[in-house]
Structures are given as C-alpha cells and as structure tokens.
Amino acid sequence: MNEFEVDLRIKEGAKVDEIIEIFERESLIVQLIATLKRYTYILILIGIIYTVIELLIQRFTIIGIIASILFIGLMIISIYIVAGEISYSYSRKIGGRRAKFLVKKEEGMRGTINYNLKLMKKEEWKLMNKILRVNHLDSMGALRELRGYYSRIRKKRKISITHIYTLPKIEKLIVEIILNKEKRGYKLYKAEEMLDNR
C-alpha cells in the first residue's frame, strides 16, 4: 500500500462520514470551490465599497454611469481571469493548462476552465474508486448501502460545499461505479454462457 493510499484509510466506526471528509480533503474541485468562495467574499466587499462610492458621486450622472460600466466590466474580466488561474493551479499536476487568451474558443478562459474541470472530474472518479477499494467498501452490497445513505442525508437542505457539491457528487460516483460493476458482471455472465453453449 503506497503513502497516498494510507491517507485514504478510514478509522473504524466512522466510515460514511469519513468518506466525505477524505473526499473533500483530496478532491481538487472541492478545493477549487472553497477558493472561489473566498474570492466571492472579496468581490462582495468590493461591491459594497463601490456602492458607497457610487452613492457619493451620484450627483454627477455621467461619471456614475461611466464608473458603473467600468466596474461591471472589470468585475467580469477579473472573475474570468481568477477562475482560470485557480482552475490551472489545482489541475496543473494532472495535465491542466493555463489560458492563453481571454475569449478565444479553445485556448481562452472558458475553454481552458472546462478542460481543467474535465481533468479534475476524472481525478475525482479515480479518488472515489481508491477510497472504496482501500477501505474494502467496493462490494455491490456496500456500494448500495452507501448510495442509500448519501441520498438520504443529501435531502436535508443545508447550504455548504458538503451539501451542495460533495454529497451529490459522491452519490453520482457511487451510482456510476455500481453501473460499471453490473456491466462487467453482465459481460462476464454472457461470456460464460457462450462457453457453456459450445
């Protein structure tokens, strides 16, 4: 067992909750969301300061309109740039790339962010499989129990990264793992059936 797999070990008696903790600790997308959340708070603070300034210069309508247009434009551009840089910083170890342009289709911010997110989603798939395998929770029975548990606790409407992103993602990944196992089992069954019919 390598060092990374040791970090994925679950303490006895805390399996379902610790899967969530390990997933959130290791998931690049969860880390990305947490960083963007912090950045959003900064933007809200800037927005409040801007609103106060806007109220102070409201007597000069043309200056206010120009300031509003500039502010909105700068905020949109900064969101794109920061999101692109953050997506690159979290995905560069797995082959992520940095945007070369702001709006170009393939190498622009949006295309690059989508590319990096696809890489991070693949890593989450691998991560979930490793967590389950290392902790001997990859049997069909265990997978079905986990899926049922996560779907139940997900329905309690809390506003947090865990409830908005992690729980639906874990449930979806477990469903995909179950479907893959059933597909493999069906193929094996068909192959055995063909051998028996010879």
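Residues numbered from 1 in each chain as written. Predicted model: local features only at pLDDT ≥ 70, side-chain atom pairs only at ≥ 80, totals over all residues. Heavy atoms only, no water.

Chemist: Help me understand the overall build of the chain, please; the structure alone is not making it clear to me.
Modeler: In terms of helices and strands, the chain carries 7 helices and 0 strands. Its helices and strands taken in sequence order, the chain reads α-α-α-α-α-α-α from the N to the C terminus. Looking at the chain as a whole, 32% of its 198 residues are labelled buried. Across the chain, every contact between residues at least 6 apart in sequence was considered, and the portion connecting residues at least 24 apart equals 65%. Of the accessible surface of the chain, which amounts to about 13,500 Å², a share of 62% is contributed by carbon and sulfur atoms. (Helix = DSSP H or I, 4+ residues; strand = E, 2+ residues; numbered from the N terminus. Buried < 20%, exposed > 50% of the residue type's maximum accessible area, 1.4 Å probe, protein only. Contact = heavy atoms within 4.5 Å. Areas by Shrake-Rupley, 256 points an atom, 1.4 Å probe, with all protein chains shown as cover.)

Chemist: I tried to follow a positive patch on the surface on my own but got confused; where do I start?
Modeler: A cluster of basic side chains, namely Lys-118, Lys-121, Lys-122 and Lys-172, defines a positive patch on the protein surface. Per-element accounting of the positive patch gives the leading share, 3 residues, to helix α5 (residues 109–134). (Patch = residues over 30% accessible without salt bridge, like charges linked within 9 Å, V, L, I, M, F, W, Y side chains within 5 Å. Salt bridge = Lys/Arg side-chain N within 4 Å of Asp/Glu carboxyl O. Lys, Arg positive; Asp, Glu negative; His and termini not counted. Charge placed at Lys NZ, Arg CZ, Asp CG, Glu CD.)

Chemist: How do you make sense of unusual backbone geometry when you look at a structure like this?
Modeler: A negative phi angle is the norm for most residues apart from glycine, just as the trans form is the norm for most peptide bonds. Its identity is not glycine, yet His-136 carries a phi of approximately 55 degrees, on the positive side. In this fold, His-136 is placed in the loop between α5 and α6 (140–154).

Chemist: I would appreciate a short explanation of a nonpolar patch on the surface in the present structure.
Modeler: On the surface, Ile-72, Ile-76, Ile-77, Tyr-80, Ile-81 and Leu-102 cluster together into a nonpolar patch covering about 510 Å² of accessible area. By secondary structure assignment, the location of Ile-76 is in helix α4 (residues 61–91).

Chemist: Explain the packing of helix α2 (residues 15–26) against α5 to me, please; I cannot follow it from the model alone.
Modeler: For any two helices packed against each other, the geometry is given by the interaxial angle and the distance between the axes. Close contact between α2 and α5 brings their axes to 11 Å; oriented N to C, the two are set at 145 degrees. The two elements α2 and α5 meet at a crossing, and its hand is right-handed. Residue-level contacts link Ile-19, Ile-22, Phe-23 and Glu-26 of α2 to Glu-124, Leu-127, Met-128, Ile-131 and Leu-132 of α5. Here the contact of α2 with α5 is composed, by residue class, of 7 nonpolar, no polar and 2 charged. (Axes fitted to C-alpha atoms, helices over the stretch in contact; angles between N-to-C directions. Left-handed = near helix turned anticlockwise from the far one by under 90°. Nonpolar A, V, L, I, M, F, W, Y, C, P; charged D, E, K, R; others polar.)

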